[in-house]
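# Chains, contacts and geometry: an overview
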Amino acid sequence: MAELQSSLFCCPVCHSAVLESPVALICSDCGKAYPLVDGIPCFGDSDTFYEGRWAQPDSSAGSLRNRLVKKERFFVNGLRGRRGRILDLGCGGGWRLFATVGHSVGIDISLASLQSARRLYDQVAQARLTAFPFADESFDFVVSSDVLGHIPLTEKDATLSEIYRVLKPGGLTWHYVEADGDDPLMRFAKGYPELYTRHIVEPEGHIGLEPAGSAAARFERAGFRIAGQVPCYRGLTYVGRFVQYFDNGFKERSLFIRLLVLSCKLATIAGPIELAANLGMSFLIELGDRILPERWAGGLLICCEKP
Ligand SMILES: [Zn+2]
């Protein structure tokens, strides 16, 4: 067994160096063994909900779509001109944009996702987001998109303190966090708790939503300095998402919802029409994020610095 000189990985329990055998990484201190599955170090257990669910790699890195979709533009702008070692949390199949920054590492719970992501990233590992397999101050940047809303409220502080721990002082972290919007549509949806759970929470795994303001306060409590934040998607989203959420039992409850779903479905019947509709929505989202109440935000774009 040899110590992994080139590897960033360490024991997620005690943060000691790991030794490599042909079939596992073994902690040099506590002796815990982490299997290598198809060459991927596995520090956490897999999860049937996540396995293979978001395995599609995204090979864009500043495309037109990246500039039009607000949450994607946030990462494109934030990372522009930056160079350093980057960690993508809940990386799914990976996003080429992150790999362009420098030595790129992805962690996720799904092995199928990691098998895709390793084609884009320098290193990947299966790990839980509450115990990272990296030493303190290993990264210049940490990113996550559409991930923190999947972490239960009781575990979120552990994730943020892990982000803090593995960032270098002065390191930056960007996140798109799904938020619990208190807009009229979501208030309507929550009036039917069973439908809300079945059609809005469960399909996406959004078991850890909280208001955008609470999500931001959590970063401050963890010791970060907030460099920028935008509570976004205030009651508005792209047309396909409305269909996904409401083209079901909700339609029987409201004529307005029925008309909304019908018009959004018409807007998604052909690619060019959907593109035009979403361009219109992008404009409305920008406008809404300036004039609608902050508590309506269905998402939070946040950039923080470790002092
Ligand atoms: Zn250990």
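My aim in this report is to walk through the structure given alongside it, one point at a time. All values reported here derive from a predicted model rather than from experimental measurement. (Residues numbered from 1 in each chain as written. Predicted model: local features only at pLDDT ≥ 70, side-chain atom pairs only at ≥ 80, totals over all residues.)

### Concerning the overall build of the chain
Note the cut-off: Strands are runs of DSSP state E lasting at least two residues, helices are runs of H or I lasting at least four, and both sets are numbered from the N terminus onward. As a reference, a globule follows 2.2 Å times the number of residues to the power 0.38, and the radius of gyration itself is taken over C-alpha atoms. Whether a residue is buried, exposed or partly exposed follows from its count of other C-beta atoms within 10 Å of its own C-beta, namely 20 or more, 12 or fewer, or something in between, respectively; the C-beta atoms are built from the backbone. Working definition of a contact: two residues with C-beta atoms, positioned from the backbone, lying within 7 Å.
Tallying secondary structure elements over the chain gives eleven helices and twelve strands in all. Since a compact globule built from 307 residues should have a radius of gyration of about 19 Å, the 20 Å found for the chain is in line with a globular shape. Taken over the C-alpha atoms alone, the chain extends approximately 65 × 35 × 35 Å along its principal axes. When each of the 307 residues of the chain is scored for burial, the buried share is 40%. The contacts of the chain with a sequence gap of at least 6 include a subset with a gap of at least 24, amounting to 66%.

### Description of the nonpolar core
The line we're drawing: Among buried residues, those of type Ala, Val, Leu, Ile, Met, Phe, Trp, Tyr and Cys that are joined through C-beta atoms within 7 Å form a set called a nonpolar core.
V142, V166, L300 and I302 are the most contacted members of the largest nonpolar core, which totals 80 residues. Here this core takes six residues from strand β12 (residues 297-305), the largest share from any one element. Setting aside chain neighbours within four positions, we find V166 in contact with L87, F132, F134, D136, E137, S138, F139 and V142.

### Quick notes on the sheet that holds strand β8 (residues 123-126)
Strand pairing in a sheet is mediated by backbone hydrogen bonds. Such pairs are either parallel or antiparallel. What counts here: Pairing between two strands is assigned when DSSP locates at least 2 bridges connecting them. Lines are fitted to the C-alpha atoms to define the axes, a helix being fitted only along its stretch in contact, and any angle between axes, read from their N-to-C directions, falls within 0 to 180 degrees.
Spatially, the seven strands line up as an open sheet ordered β8-β7-β6-β9-β10-β12-β11, and their pairing is mixed. Of all strands in the sheet, those bounded by a partner on one side alone are β8 and β11 (225-234). Each strand axis lies, on average, 15° off the axis of its neighbour in the sheet, ignoring direction. With eight bridges connecting them, β11 and β12 associate as antiparallel partners. The partner of R225 across the bridge, within β12, is E305. Packed on one face of the sheet, helix α8 (residues 212-221) meets β10 (167-178), β11 and β12 and runs near 15° to β12.

### What to know about the pairing of strand β3 (residues 24-27)
In this sheet, β3 lies alongside strand β2 (residues 18-20) in antiparallel orientation, the contact comprising three bridges. In the sheet register, V18 faces β3, and the bridge partner there is C27. Counting the residues in the hairpin turn of β2 and β3 gives three residues. For β3 and strand β4 (residues 33-37), the ladder comprises three bridges, and the chain directions are antiparallel. Within β4, the residue paired with I26 across the bridge is A33. Hairpin remark: β3 followed by β4, antiparallel, with five residues in the connecting loop; positive phi at G31, about 80°.

### Focus: the packing of helix α9 (residues 239-246) against helix α10 (residues 255-266)
Which entries qualify depends on this criterion: In this scheme, roughly parallel covers angles under 35 degrees and roughly antiparallel covers those over 145, while 65 to 115 is roughly perpendicular and the rest are oblique. Should the near helix be turned anticlockwise from the far one by less than a right angle, the crossing is left-handed, and should it be turned clockwise, the crossing is right-handed.
In contact at an axis separation of 9 Å, α9 and α10 are set at 135° when each is read in the N-to-C sense. Here α9 lies oblique to α10, going by the angle between them. Relative to α10, α9 is oriented so that their crossing is left-handed. The segment α9 lies against α10, with V239, F242, V243 and F246 engaging I257, L260, V261, C264 and K265.

### Notes on α9
For clarity, the threshold we go by: Directions are taken from the helix axis to each C-beta atom, and the arc is the one they span.
Residues V239, F242, Y245 and F246 constitute the buried set of α9. Mapping the buried residues of α9 onto a view down its axis gives an arc of 125°, with all of them on the same face.

### What to know about the environment of S145
With respect to the helices, strands and loops of the structure, S145 is situated in strand β9 (residues 139-145). For S145, the contacting residues outside a window of four places in its chain are K71, F75 and Y176.

### Topic: the environment of L292
With respect to the secondary-structure elements, L292 resides in the loop between α11 (271-291) and β12. Along the primary structure L292 and L236 are separated by 56 residues, whereas in three dimensions their C-alpha atoms are 9.9 Å apart. Not counting the four nearest positions on each side in its chain, L292 is found in contact with R234 and G235.

Note that every value here comes from positions in space, so none of it alone points to a role or purpose.
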